[in-house]
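Below, each chain spelled out in residue letters.
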Amino acid sequence: MTAATLESRISHDPSPVAPARQMLQESYAADAEAFRKGADVRELVHSRAETVDRVLQLIWNRYPFSESPDIALVAVGGYGRGELHPHSDIDLLILTREGVHQAWEEDLGGFVTLLWDLRLDIGHSVRSISQSREAASEDITILTNLLETRTIAGPDDLRAELSEAVYSDDVSSDRDYFIAKRAEQKKRHQKYGDTEYNLEPNVKGSPGALRDIQNIGWITKRHFGLQSIADLTRFSILTEEEYQILLQGETFLWRLRYGLQLIAERNENRLLFDHQRALASMLGYRDEGKRLGVELMMQAYYRTVLALAELTDVILQFYDEAILESEKKEEIRPLNKRFQTRNQYIEAVNNQVFAYAPYAIMEIFVLLAQHPEIKGIRATTIRSLRAHRHLIDDAFRRDLAVTSLFMELLRTPHELDQTLAQMKKYSVLGRYLPEFGDIIGQMQHDLFHIYTVDAHTMRVIRNMVRMSTPDARTEYPLASRLIHRLPKLEVLYIAGLYHDIAKGRGGDHSELGAVDAEAFCKNHHLSERDTKLVSWLVENHLLMSMTAQRKDISDPDIIHDFARSVPSQVHLDYLYVMTVCDISATNPKLWNTWRASLLRQLYIESRRALRRGTENPIDRRDWVRATQSEAREILHAQNMSDEQIDRVWETLDEEYFLQDSTVDIAWQTAAIIRHGDNPDPLVLIRDTRGGPTDGYTQIIIYVTDRVALFAATTAVLEQLNLNIVDARISASAGPYSISAYVVLDEKGQPLGKDPARKERVRARLIEELDDPEDYPAIIHRRTPRQLKHFAFPTEVTFSNDTVNQRTVMEVITPDRPGLLARVGQVLLEHRVRLTTAKIATLGERVEDVFFITDEQGEPLSDPHVCEALQEDLRTMLDDTQ
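Being a predicted model, the structure only gives us computed values, none of them experimental.

How each quantity is defined
Residues numbered from 1 in each chain as written. Predicted model: local features only at pLDDT ≥ 70, side-chain atom pairs only at ≥ 80, totals over all residues. Heavy atoms only, no water. Disulfide = S-S within 2.5 Å. Buried < 20%, exposed > 50% of the residue type's maximum accessible area, 1.4 Å probe, protein only. Salt bridge = Lys/Arg side-chain N within 4 Å of Asp/Glu carboxyl O. Phe/Tyr/Trp six-rings, centres within 6.5 Å; stacked < 30°, edge-to-face > 60°. Lys NZ or Arg CZ within 6 Å of the ring centre and 35° of its normal. Axes fitted to C-alpha atoms, helices over the stretch in contact; angles between N-to-C directions. Helix = DSSP H or I, 4+ residues; strand = E, 2+ residues; numbered from the N terminus. Parallel < 35°, antiparallel > 145°, perpendicular 65-115°, else oblique. Left-handed = near helix turned anticlockwise from the far one by under 90°. Contact = heavy atoms within 4.5 Å. Nonpolar A, V, L, I, M, F, W, Y, C, P; charged D, E, K, R; others polar. Pairing = 2+ DSSP bridges. Core = buried A, V, L, I, M, F, W, Y, C linked by side-chain atoms within 4.5 Å. Polar contact = N/O pair within 3.5 Å; in protein donor to acceptor, adjacent residues only side chain to side chain. Arc of directions from axis to C-beta.

Caption draft 1: Geometry of the state of the cysteines. One pass over the full model with this rule turns up zero disulfides. Here Cys 521 is not disulfide-linked; the sulfur of Cys 581 is the nearest cysteine sulfur, at 18 Å. Overall, the relative accessible area of 0% leaves Cys 521 in the buried class.

Okay, structure coming up:
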């Protein structure tokens, strides 16, 4: 059916719904197909608005009120700009001269009902000119909507009269409107964490996205009475190049939003994981080597919004000076021959400073660091800085004045992360350090790395700066002490800046980054000693966290091997502080008291090993004897006899006494002695303060030893919504075994805040474990939405720990509820015993290490057994994703 026929039917059929829907659907389908074939998204966005315009005009004209000169149908907001994405809201104002005539009421109700029948996302209001003026003066959102209007049907003089009113100071002054919109933007940015780098950004509302561009447009229209940002070039507020950046950025974001709404089939502006891969494919992003197409798309997004954020910041700064500062008396204070402050904002003394003294590009940031009272950079100087960034070339990077200034910046006590963030924002840092420029906006498509590489790096530097403040003492007690012992903080900052610099290149990013760090140090004239230290820190920045999280650090041999990798106490201090800053900057959920306690334990034991000398490792038997001696003293003080103590200890292997806390050993032993011959399981639950389990709940289970014990216990704990972060099962020569679990509730808190729940956990464990062969059901909870989009095949690998006579099984698999219970079930089916488990959940990815033996307590020696165990684990875990 032709468009003319459809229009005729909309005008004359008894009901216009069917032909109107057909016209809208055919237009929607044609535009969607054109988009997929690469059509100009700007034409499509306006085309959609034009089609809706025509349908609304035809329906409006069916009613008698359409002949009146006192009522009009007006598009407002985004639709008022003539912009509609596939599922955008259609905001309408039915505007009257003096109110709704009684004769119109029924027909107006029918008109609005018809629009709903068309399944359009309509937002409408019915107001007179005076009512609209009053509403605009009371509500900034309504005022903003009325700045952008078009007449769809009816006389245009109504809209013109309303526009004249809303642009007047009677509704809102220029100053008040700017203050309100700036505050509104600040609040919106805070909602998104004040960062352009969200994993699932909102292409409309996130910092640097479409709403920021629109905000500039609204302020511009209110200030100048202009109808287009393009007109700003006439007022020298935007250069032609800057206008093109705005236009191209908006077009890129429009393509994302248009494709996103086609895929989601609704008014969706969030780039959810559910849609990112499909959108990347639709927009033509393909995998390149190890970089996924979706990662390339997201990097393009992050770089675009970063550039837009920089530009909108310049424009807002201009308006701040033009609207707010214009009434203030100017206070000018010279800083040196090249810079001065004007009302506490730094500016170049003239617009040629950077041309005749390129090193001033670096100097301005040093001055910002040295003068914390400076609020920011004036808009004119930001523009001059942008215009001269091309001067940052190889000669600039080798200039002794420049390299000296950058080192002065690193050595100046101040909030270094904020200064570096400004350098990044104005595209100075990425040009000065091209290797850093390469990682700007680079993401990894997972839930573990929730920040882009550059944003993570800035957070690492921020953590390093915070470590020196009193506020850090509570959350980072050891690191906040050690940082004051570090000889040179700039060494730490450089290592932090370069630790992930080689991400995304392929190869080992630690090794490649160490090469780049060494080159930086030589170019900036660091001593050979400091250069080697920085390079070592970058190359080994994962050593401490990997050892603490994946190895049994209660084993003296593990401590000795780690200590041998660390050249000195100074290296250990730097590495510990850097590791803490790195982990806590990777993911807010990653840094917790459990990981803190593991790192602290590794640091303390390694420090002892270094002081003792790595050529004199401690003997395991000496360690066990020393532990038993300390624990025995504690037990004697509780009136426990050697005979009672030995009766318990004689049944336990030496692994049990390698754990760090002698207090825990004494507590557990005393409870077992008091438990006596009671056949019921002994379950001890307490929150810990101090020691390796600080801030967690410890569950100790003393029960008749069975192969099914781990499977049964994990099933119960997971049914009770407890997260297991560590597990240790000590084998016994007698009929009993001691199991130790470190757990948190679903909110990441110990159970001490809920004593009743602690008692329920104890009672449930006793009930289920009196017969573990009666296996509790594995919990079945819905896998969270985000986790579903990161499925990958389970990896299971085996190696033998010949020193401790056990097999090490590593399982890497997507996280999901009931995971450990499923692993336990497979181990049970193969009659495999667990001695220790190291639990590590990294975003959507679980990397757990299990130390296992056969039923006789020997390592798994039959390759066929390992293959069968590997296959069954893969099947069990992959079938539940």
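Caption draft 2: Quick look at the pattern of salt bridges. A full pass over the atoms with the stated rule returns 50 salt bridges. Taking the shortest distance from any N to any O, the salt bridge between Arg 9 and Asp 13 comes out at 2.8 Å. The shortest N-O distance in the salt bridge between Glu 83 and Arg 81 comes to 3.1 Å. Owing to a relative accessible area of 23%, Arg 81 belongs among the partly exposed residues under this scheme. If you follow the salt bridges from partner to partner, you end up with Glu 242, Glu 310, Arg 383, Arg 386 and Arg 389 in one network.

Caption draft 3: Region of interest: the packing of aromatic side chains. All chains considered together, the criterion is met by 15 aromatic pairs. Here Trp 649 and Phe 657 contribute two aromatic rings whose centre-to-centre distance is 5.2 Å and whose plane-to-plane angle is 75 degrees, an arrangement assigned as edge-to-face. On the basis of relative accessible area, Phe 657 is assigned to the buried category, the value being 1%. Through a chain of ring-to-ring contacts, the aromatic side chains of Phe 396, Phe 406, Tyr 432, Tyr 498 and Phe 520 assemble into a single cluster. Between the NZ or CZ atom of Arg 42 and the centre of the ring of Trp 254, over which it lies, the distance is 4.3 Å.

Caption draft 4: Fine view of the packing of helix 2 (residues 17-36) against helix 11 (residues 240-264). In the contact formed by helix 2 and helix 11, the axes pass within 11 Å of each other and the chain directions differ by 125 degrees. The angle between helix 2 and helix 11 falls in the class oblique. Judged by the sense of rotation from one axis to the other, the crossing of helix 2 with helix 11 is left-handed. The segment helix 2 lies against helix 11, with Tyr 28, Asp 31, Ala 32, Phe 35 and Arg 36 engaging Arg 255, Tyr 258, Gly 259 and Leu 262. For the contact of helix 2 with helix 11, the residue count by class is five nonpolar, one polar and three charged.

Caption draft 5: Focus on unusual backbone geometry. Phi is positive for His 525, close to 60 degrees, though the residue is something other than glycine. Looking at the element boundaries, His 525 is found in the loop between helix 26 (509-523) and helix 27 (528-539). Of the residues examined, His 525 reaches a relative accessible area of 55% and is grouped as exposed. Of note, Asn 639 is a non-glycine position whose phi angle comes to about 65 degrees, a positive value.

Caption draft 6: Focus on the pairing of strand 12 (residues 736-744). When you tally the buried positions in strand 12, you get eight out of nine residues, the bulk of the element. Here strand 10 (residues 697-704) pairs with strand 12 via eight bridges, running antiparallel. From the neighbouring strand, Gln 698 faces strand 12, where its bridge partner is Val 742.

Caption draft 7: Region of interest: the nonpolar core. Core analysis: the biggest nonpolar cluster contains 169 residues, and Leu 256, Tyr 301, Phe 339 and Phe 406 have the highest contact counts within it. Once residues lying within four places of it in the same chain are set aside, the contact partners of Phe 406 are Met 362, Leu 420, Met 423, Leu 429, Tyr 432, Leu 433, Leu 497, Phe 520 and His 524. Within the second largest apolar cluster, 42 residues are counted, among which are Val 761, Leu 765, Val 846 and Leu 860.

Caption draft 8: Just the environment of Ala 3, in detail. When you line up the elements, Ala 3 lands in helix 1 (residues 3-12). Since its relative accessible area comes to 48%, Ala 3 is described here as partly exposed. It is 9.7 Å that separates the C-alpha atoms of Ala 3 and Glu 26, two residues lying 23 residues apart in sequence.

Caption draft 9: Seen up close, the side chain of Glu 83. Position of Glu 83 among the secondary structure elements: in the loop between helix 4 (77-80) and strand 2 (90-96). Only 3.1 Å separates the side chain of Glu 83 from the side chain of Arg 81, close enough to count as a polar contact. Excluding residues that lie within four positions of it along the chain, Glu 83 makes contacts with Val 45, His 46, Ala 49, Gly 78 and Trp 254.

Caption draft 10: How the structure looks around helix 8 (residues 157-166). When we look at burial in helix 8, the residues that qualify are Leu 158, Arg 159, Leu 162, Ser 163, Ala 165 and Val 166. All buried residues of helix 8 lie within an arc of 160 degrees about the axis, which places them on one face of the element. On the buried face of helix 8, the contacting elements are strand 1 (71-76), strand 2, helix 6 (129-138), helix 7 (140-146), strand 4 (149-153) and helix 10 (210-224).

Caption draft 11: Summary view of the environment of Asn 198. Considering the arrangement of structural elements, one finds Asn 198 in the loop between helix 9 (174-191) and helix 10. Through-space distance from the C-alpha of Asn 198 to that of Asn 145 is 28 Å; in sequence the pair is 53 residues apart. Setting aside residues no more than four positions away along its own chain, Asn 198 makes contact with Tyr 192, Ser 206 and Tyr 302.

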